[in-house]
Amino acid sequence: MRKRDHNLLTNAASLLVCGLLAGVVVAAAAFPAVAMSGLAAKAGAETYGALPKTLSEPRSPQITYLLAADGKTPLATMYDENRRNVKLKDISPYMQKAIIAAEDHNFYKHNGVDFNGVARAFVNNRGGGSKQGASTLTMQYVRLTISYSATHPADVVAATEDTSARKLREMSLALQVDKDLSKDEILERYLNLAPFGNGAYGVYAASQVYFRKPPSKLDIQESALLAGLVKGPTMYDPTTTSGYQAAVERRDYVIENMVLIGAITQEEADQAKKITLEVNHKRTPNGCVAANVQSWGFFCDYFYRWWMQQETFGSTTYDRERQLKSGGYTITTSLDVKAQKGADTAVRHNLSVNSKAARMVAVVEPGTGRVRALATNRNYKLDDPSHPQNKLSSNPAKAAKKIRGSYPNTVNPLISGGGGITGYQAGSTFKIFTVVAALEKGYPLAYTMNAPDQFKSEYIIDSGNSAACSGTHFYCPKNANPAMAGPHTMWSAFGFSVNTYFVALQQQVGAENVVKTAQKLGITFRASNDAKFAADKSAAHQWGAFTLGVAQTTPLELANAYATLAADGKYCEPIPVQEIRGPDGEKLDIANPHCEQRISTQVARAAVDAARCPVGDRSSTSRCQTPTAGGVQGFVDAPVAGKSGTTDGNKTSALVSMTKQYAVAGIMADPDWPQTTQQMGHSESDGINPAVMETLRAAMKGKERIDFTPPTGKIVYGDQRSIPGVKCESIETAKSRLRGAGFEPVVSSTKVASECAAGMAAGTSPDGKTIKGGVVTIMVSSGQGSTPNPDTSTGPGNGPGNGTTPTPGNGRRPRG
């Protein structure tokens, strides 16, 4: 845009003189004897005709800032060049005057080229004096702009080589720029482009790097120091022993020149020169390994990997990385400082970073998918191969080859997955997918089955597998505890983690449908073998152990799956950002949550109702019995839901606990050796349960306690049928009558006092109504004469001990 009018005759004369003079310089270099001859003038005129007439001005690379969710706590910075453009009004007037004093006294007087300076330099250089330049600030701006617009390394060299041809091009373009832009615009653009050393480009970065303040706050001596650096950032580097004194002398030289141009008084100059030069000695941190808090590097890395997948920022990963590191974005991430600090403390509590076992925790916000925290007991840093801190791998085969493990230092995405990290088995936490799939198929929460200690399924496995029934090729899983056997509803079976109930239920629903449900809730199956099962419907149909959590997942995926249920079935892609603004302040839509309803509201609420049982909570509709992690509700002091999980041999342990506001998932495993012989604990002080519980409690501090909405309708109790009376009838007759009425009869192994003859049916439990197809237990009379008091509740599936919620000790947890 044109800011100032120029006299046409003056402009034409300027261009002509510039062209001819530059031609003289070219000719003088090649033919000194004829420097002022007609040949030189002719050369200048011909060269001028081939000069470029316009200057391409691409956006210069700018630093990107990552902030926590509060919009103010620094998380990390990322850049190719540490630069942040600022307006001239936000730059100290001292700085503006200092750069003019250092580089171009006549900046506000010439038209882009200082002809007197060019002539003076020509005469001096030809006479053998110390070499002088004649570049104005405008010409320097042109040179920098040409370098940034270069698309080939050779173009960058051509833009900076010390030749008369380059000077001629700069002069021509400088005159044009001076016509198109105001002096203040040129000065602003120059100050935002110029290199100041130590990785600082532009005055904003320079003021931060050297003085840790914005450019608006620079005083006289600070401005003079920065202005002096432009001539030789390495030569005058004040952070080095060799450059410090030279930097002070250069600063004082600029201060004196500020007096010469009338920017300051001599008294101000004298005072400024007396100030001892003190500068910061650290470059601006760059990347996730230099995150503001080291442990936040895992979240930062997750953000980086997310960004690199977004086509919004370019069609290739190279383009996306260039956008991130040079686009000048201000990114408010989803990292919740309170939740993150709580998680960092929790995963390290009683478990060192030097432990082979990794406690990995993820926190996701239901309803938005925003990832609020990622934490593990590891240092986010590269292990120095010349001075390694990491111990030998826990994997014996790797240790034998002197391969080091990932503890205490790693940059692997242990919590979020990717980069070769496929995940970990999460055990019985996967039973939630069977619950959801069954509910979607019409099975109610009150669906009752008799769960034996060992269940002979129809799933076919290798007959040599230890999980096969003896002498067969059928999968026959067992419960972790014989006390788990007996009639169960979804509530009690999920709360007590009854394996045989869920394998049987998965068989009825179809394992392929359970796998599909897991996918709907965000499980991605990164491990190749898991992916093969999930992709092949017939293979998935035979995946009998799926409900017991044999597939690999990550804490982040698991937290988001449960968060979907807490959000009444609304699935949201996990996302590490809240807001992204470009260098001009515009907001990008890519930061908005991406959600869709994947599970019906009633199914989700019913699943959560069952999930309250394992963690010691309940609703008005819940029919919970024994919990596996019953201390969660009291510890967090809020309505909670979730599930614990353990794999065979305790090779991994897991716990999910959630409120309406946060879903926290934790997995404890050995990332270096999945077949570890180390047992991963649950409620022990160094187990996974305390880490998850403490994280959730920290996140919930000061938050409103919001209850989950209980389910309603048939999804709770299903189709209720009256149970026929069988009192004092033979056991066989009682069984026949119950089967005829559509129930599954089970004979109690213990006898009760009754007025009926010994060995006859003393009654049923329940004895009023229950779900169609549900289990009805026949109580057997001892013949002792007193009338039994059977459970008369009309609620289905109420077996002995219903309504009690004992808190288990530190015994072994349910497998699966």
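Residues numbered from 1 in each chain as written. Predicted model: local features only at pLDDT ≥ 70, side-chain atom pairs only at ≥ 80, totals over all residues. Heavy atoms only, no water.

## A look at the overall build of the chain
On a plain count of helices and strands, the chain comes out with 28 helices and 24 strands. With 816 residues in all, the chain has 55% of them scored as buried. Summarising the internal contacts of the chain: among those between residues at least 6 apart in sequence, 72% fall at separations of at least 24. (Helix = DSSP H or I, 4+ residues; strand = E, 2+ residues; numbered from the N terminus. Buried < 20%, exposed > 50% of the residue type's maximum accessible area, 1.4 Å probe, protein only. Contact = heavy atoms within 4.5 Å.)

## Comments concerning the pairing of strand β18 (residues 653-658)
One face of the sheet, then the other: side chains in a regular strand alternate in exactly this way. For β18, a buried count of six out of six residues is recorded, marking the element as mostly surrounded by other parts of the structure. Two elements, strand β17 (residues 641-646) and β18, share six bridges in a ladder whose sense is antiparallel. Looking at the pairing, Lys-643 lines up with Val-656 of β18. The hairpin formed by β17 and β18 contains six residues between the paired strands, and Gly-649 there has a positive phi angle of roughly 75°. With six bridges joining them, β18 and strand β19 (residues 663-669) adopt antiparallel strand pairing. By the bridge assignment, Val-656 is partnered in β19 with Ala-665. Adjacent in sequence and paired antiparallel, β18 and β19 are bridged by four residues. (Pairing = 2+ DSSP bridges.)

## Considerations on the pattern of salt bridges
Tallied over the entire structure, the rule returns 26 salt bridges. Residue Arg-251 pairs with Asp-252 through a salt bridge whose shortest N-O separation is 3.0 Å. When sorted by exposure, Arg-251 lands in the same class as Asp-252, which is buried. Across the pair Glu-256 and Lys-273 runs a salt bridge, and its minimum N-O distance is 2.3 Å. Taken together, the residues Glu-256 in helix α11 (residues 241-260) and Lys-273 in helix α12 (residues 266-274) connect sequence positions 17 residues apart. (Salt bridge = Lys/Arg side-chain N within 4 Å of Asp/Glu carboxyl O.)

## Considering the packing of aromatic side chains
A full pass over the atoms with the stated rule returns 17 aromatic pairs. Ring centres of Phe-298 and Tyr-380 lie 5.0 Å apart, and the angle between their planes is 80°; this geometry places the pair in the edge-to-face category. In this pair, Phe-298 is assigned in helix α13 (residues 297-307) and Tyr-380 in strand β8 (residues 379-380), connecting sequence segments 82 residues apart. Judged by relative accessible area, Phe-298 falls into the buried class, the value being 4%. (Phe/Tyr/Trp six-rings, centres within 6.5 Å; stacked < 30°, edge-to-face > 60°.)

## Things to note about the sheet that holds β19
Taken together, five strands build an open sheet; the order of strands is β7-β6-β19-β18-β17 and the sheet is antiparallel. Two strands in the sheet have a free side with no partner beyond their single neighbour: β7 (371-376) and β17. Taken over all neighbouring pairs, the strand axes of this sheet differ in orientation by 5° on average, direction set aside. Sheet topology note: the strand β6 (residues 358-364)/β7 ladder contains five bridges and is antiparallel. For Val-363, the partnering residue across the bridge sits in β7 and is Ala-373. Seen against the sheet, helix α15 (residues 337-348) touches β6 and β7 and runs at an angle of roughly 20° to β7. Where helix α23 (residues 555-566) meets the sheet, its contacts fall on β6, β7, β17, β18 and β19, and the angle it forms with β6 comes to roughly 35°. (Axes fitted to C-alpha atoms, helices over the stretch in contact; angles between N-to-C directions.)

## Remarks on the environment of Cys-756
Relative to the elements of secondary structure, Cys-756 occurs in the loop between β21 (744-752) and β22 (761-765). The spatial distance from the C-alpha of Cys-756 to the C-alpha of Gly-785 is 7.0 Å, given a sequence separation of 29 residues. The contacts of Cys-756, once residues within four sequence positions are left out, are Lys-727, Cys-728, Ala-761, Ser-781 and Gly-783.

## Things to note about the packing of helix α17 (residues 431-440) against helix α19 (residues 499-509)
Between α17 and α19, the shortest axis-to-axis distance is 10 Å and the interhelical angle comes to 45°. Here α17 is positioned oblique relative to α19, judged by the angle of their axes. Seen from above, α17 lies across α19 with left-handed handedness. Of the residues in α19, those touching α17 at Lys-431, Thr-434, Val-435, Ala-437 and Ala-438 are Asn-499, Phe-502, Leu-505, Gln-506 and Val-509. (Parallel < 35°, antiparallel > 145°, perpendicular 65-115°, else oblique. Left-handed = near helix turned anticlockwise from the far one by under 90°.)

## A few points about the confidence of the model for the chain
Predicted confidence across the chain gives a mean pLDDT of 88, with 86% of residues reaching 70 or more. For residues 1-50, every residue scores under 50 in pLDDT, and the model assigns this stretch 64 contacts once sequence neighbours within four places are set aside. A low-confidence stretch, residues 788-816 (pLDDT under 50), is modelled with 80 contacts involving residues beyond four sequence positions or located in other chains. (pLDDT = per-residue confidence, 0-100.)

## Overview of the state of the cysteines
Applying the stated criterion across every chain yields a total of five disulfides. Sulfur-sulfur distance for the disulfide between Cys-469 and Cys-476 comes to 1.4 Å. Where Cys-469 bonds to Cys-476 through sulfur, the torsion about that S-S bond is close to -105°, and the disulfide is left-handed. Judged by relative accessible area, which is 13%, Cys-469 ranks as buried. Each disulfide pairs two cysteine sulfurs, and for Cys-613 the partner residue is Cys-624, the sulfurs being separated by 2.1 Å. Judged by the sign of its S-S torsion, about -70°, the cystine formed by Cys-613 and Cys-624 is left-handed. Residue Cys-613 is found in the loop between α24 (601-611) and α25 (632-636), and its partner Cys-624 is found in the loop between α24 and α25; the two are separated by eleven residues along the sequence. (Disulfide = S-S within 2.5 Å.)

## Details of helix α7 (residues 164-180)
Compared with an ideal rise of 1.5 Å per residue, which puts 17 residues at 24 Å, α7 spans 24 Å between its outermost C-alpha atoms and is within 8% of the ideal. Of all the residues in α7, the buried ones are Ser-164, Arg-166, Leu-168, Glu-170, Met-171, Ser-172, Leu-173, Ala-174, Leu-175, Val-177 and Asp-178. (Expected span 1.5 Å × (residues − 1).)

## Remarks on the environment of Leu-548
Examined against the element boundaries, Leu-548 turns out to sit in the loop between α22 (537-541) and β13 (552-553). The exposure class assigned to Leu-548 is buried, which follows from its relative accessible area of 8%. Between the C-alpha atom of Leu-548 and that of Thr-434, which follows or precedes it by 114 residues, the distance is 9.6 Å.

## Section: helix α3 (residues 93-103)
Judged by how many residues are buried, α3 sits mostly within the fold: eight of eleven residues are covered. Within the span of α3, buried status applies to Met-95, Gln-96, Ala-98, Ile-99, Ile-100, Ala-101, Ala-102 and Glu-103. If you follow the buried residues of α3, they end up packed against α5 (137-149), α8 (183-193), β3 (195-197), α9 (202-211), α10 (220-229) and α11. Taking the backbone nitrogen of Tyr-94 as reference, a side-chain oxygen 3.1 Å away marks Ser-92 as the first, capping residue of α3. (Polar contact = N/O pair within 3.5 Å; in protein donor to acceptor, adjacent residues only side chain to side chain.)

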